[in-house]
Amino acid sequence: MKVLVSGGGTGGHIYPALALVRHLAEDDNNSFLYIGTEKGLEATIVPKAGIPFKSVHITGFRRKISFENVKTVLRFLKAVKKAKKYIKEFQPDVVVGTGGYVCGPVVYAAAKANIPTLIHEQNSVPGLTNKFLSKYVDKVAISFEDAAEYFPENKTVLTGNPRASEVTAPGDTVSLKDFGLSDDKQTILIVGGSRGAKPINEAVLEAVTSWEDKPYQVVYVTGEVHFDSIKSALENLKVGNHIVTLPYVEDMPSLLKKVDMVIARAGATSLAEITALGLPSILVPSPYVTNNHQFKNAKSLVDKGAAILLEEKELNAASLTEKMDIVQDPEKLGAMKNASLNTGKPEAADLLEKELISLTLPNN
Ligand SMILES: CC(=O)N[C@H]1[C@@H](OP(=O)(O)OP(=O)(O)OC[C@H]2O[C@@H](n3ccc(=O)[nH]c3=O)[C@H](O)[C@@H]2O)O[C@H](CO)[C@@H](O)[C@@H]1O
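Residues numbered from 1 in each chain as written. Predicted model: local features only at pLDDT ≥ 70, side-chain atom pairs only at ≥ 80, totals over all residues.

The chain has a UniProt comment under Function (unreviewed entry) that states "Cell wall formation. Catalyzes the transfer of a GlcNAc subunit on undecaprenyl-pyrophosphoryl-MurNAc-pentapeptide (lipid intermediate I) to form undecaprenyl-pyrophosphoryl-MurNAc-(pentapeptide)GlcNAc (lipid intermediate II)." UniProt's Sequence similarities (unreviewed entry) comment on the chain is quoted here verbatim: "Belongs to the glycosyltransferase 28 family. MurG subfamily." (UniProt positions renumbered as here; feature names shortened; annotations may be inferred.)

A. Structural context of the sheet that holds strand S4 (residues 94–97). In space, the 7 strands of this open sheet follow the order S3-S2-S1-S4-S5-S6-S7, with parallel pairing throughout. The sheet terminates laterally at strand S3 (53–56) and strand S7 (156–158), the two strands that pair on one side only. Taking each pair of neighbouring strands and ignoring which way they run, the sheet shows an average axis angle of 25°. The pairing of strand S5 (residues 117–121) with strand S6 (residues 139–142) spans 4 bridges and is parallel. If you follow His120 over to S6, its bridge partner there is Ala141. (Pairing = 2+ DSSP bridges. Helix = DSSP H or I, 4+ residues; strand = E, 2+ residues; numbered from the N terminus. Axes fitted to C-alpha atoms, helices over the stretch in contact; angles between N-to-C directions.)

B. Main features of the UniProt feature "binding site: UDP-N-acetyl-alpha-D-glucosamine" (unreviewed entry) in the chain. UniProt annotation of "binding site: UDP-N-acetyl-alpha-D-glucosamine" (unreviewed entry) refers to Thr10, Gly11, Gly12, Asn123, Ser194 and Gln294 when read in the numbering used here. Mapped onto the fold, Gly11 is located in helix H1 (residues 11–24). When neighbours within four sequence positions are excluded, Gly11 is seen to be in contact with Leu41, Ser194 and Thr269. With respect to the helices, strands and loops of the structure, Ser194 is situated in the loop between strand S8 (187–191) and helix H7 (198–207). Other than its neighbours up to four places away in sequence, Ser194 contacts Thr10, Gly11, Gly12 and Leu41. (Contact = placed C-beta atoms within 7 Å.)

C. Spatial organisation of the nonpolar core. Among the nonpolar cores identified, the biggest contains 99 residues, and Val5, Leu20, Val106, Val107, Ile188, Ile190 and Leu283 are the most heavily contacted of them. Considering every element that reaches this core, the biggest residue donor is H1, with 8 residues. Each residue touching Val106, except ones within four places of it in the same chain, is listed here: Ser6, Ile35, Val56, Ala83, Val95 and Gly97. (Core = buried A, V, L, I, M, F, W, Y, C linked by C-beta atoms within 7 Å. Buried ≥ 20, exposed ≤ 12 C-beta atoms within 10 Å, placed from the backbone.)

D. Structural detail: unusual backbone geometry. Unlike most non-glycine residues, Gln91 shows phi in positive territory, near 55°. Locating Gln91 in the fold gives a position in the loop between helix H3 (67–90) and S4. Located in the positive-phi region is Asn114, a residue other than glycine, with phi close to 60°. Its location among the elements puts Asn114 in the loop between helix H4 (103–112) and S5.

Put into structure tokens, the structure is as follows:
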């Protein structure tokens, strides 16, 4: 099967696409092309993963009426033309979009060329691009049941997020010693999504010295753009070796397997990973996203007892530390772990593969 994949902008749209490609690549008969933007995170991550990569130039629509949107329409049309050219060259059997505005022109061009198409929605509330594309595609694969109401019923199917399958697959293991930490202590991972989160970083800086006497240790991921300033602030605070600070973690699945609890934003792909591994989490949803979708993502875990909500307006050193201390309460932690595991969908990649295969069959 020749599979063209498109999705980008942030890790939350790219990693599910990569996980799907890696899953399908177990069959040597499958081949791939990835189309992203030249400036998105995908332009570095995808070629690094050894997947053929081509780019189109496109920007997102503004929600308010603006002249920029006229330019975006022109860019969209130009990108459709370029995508058509790539499609003609690659001759895909199926085209998959995993969200982010880049998959708009790519999946639209494929649908217009009568190539079977599928979009994957990670969130509980869909983004603009997937909503637009749902009119043209053959299948919509969703990760949260709540998302079904936004898409045509006859083409929507619940598969989960293929990144859940990837993190649970046997793979490399890391030692916390590689990070300069102890292998025997309870460990909390703090991460603000694929690009970091300033409010979480601020709370960490305020709280970090008070964690020195705690029995647990912390892996703290700042996000690339915030790293230099945070690192120097931490040096000024002379923090001890109970915390290790990193700009970005390339192999997140291996690290996740080593931690006892996660403090994170509520990006959908992160949640798919956390629940697939049955990790308890404290979630600080970003209030700056479309339709407040991270809050709804988080709520679906919180309602099941798998996670605890810490809203950004309540986030400070004291509230963060109080929630982190739950890692020392075996009963609460155990209940959260079980609920988290029950929410996870590690079979997602297989389900998605079945959908793709059925789309390529004759008479579909
Ligand atoms: C601000 C914004 O619009 N965020 C959206 C974006 O988030 P974002 O890109 O932050 O997405 P997620 O939190 O869902 O996923 C982040 C991905 O990056 C990986 N990772 C993260 C940090 C790191 O150091 N290394 C690493 O590999 C994680 O393991 C995960 O696979 O896409 C998500 C999925 O559509 C949405 O739910 C989010 O609302």
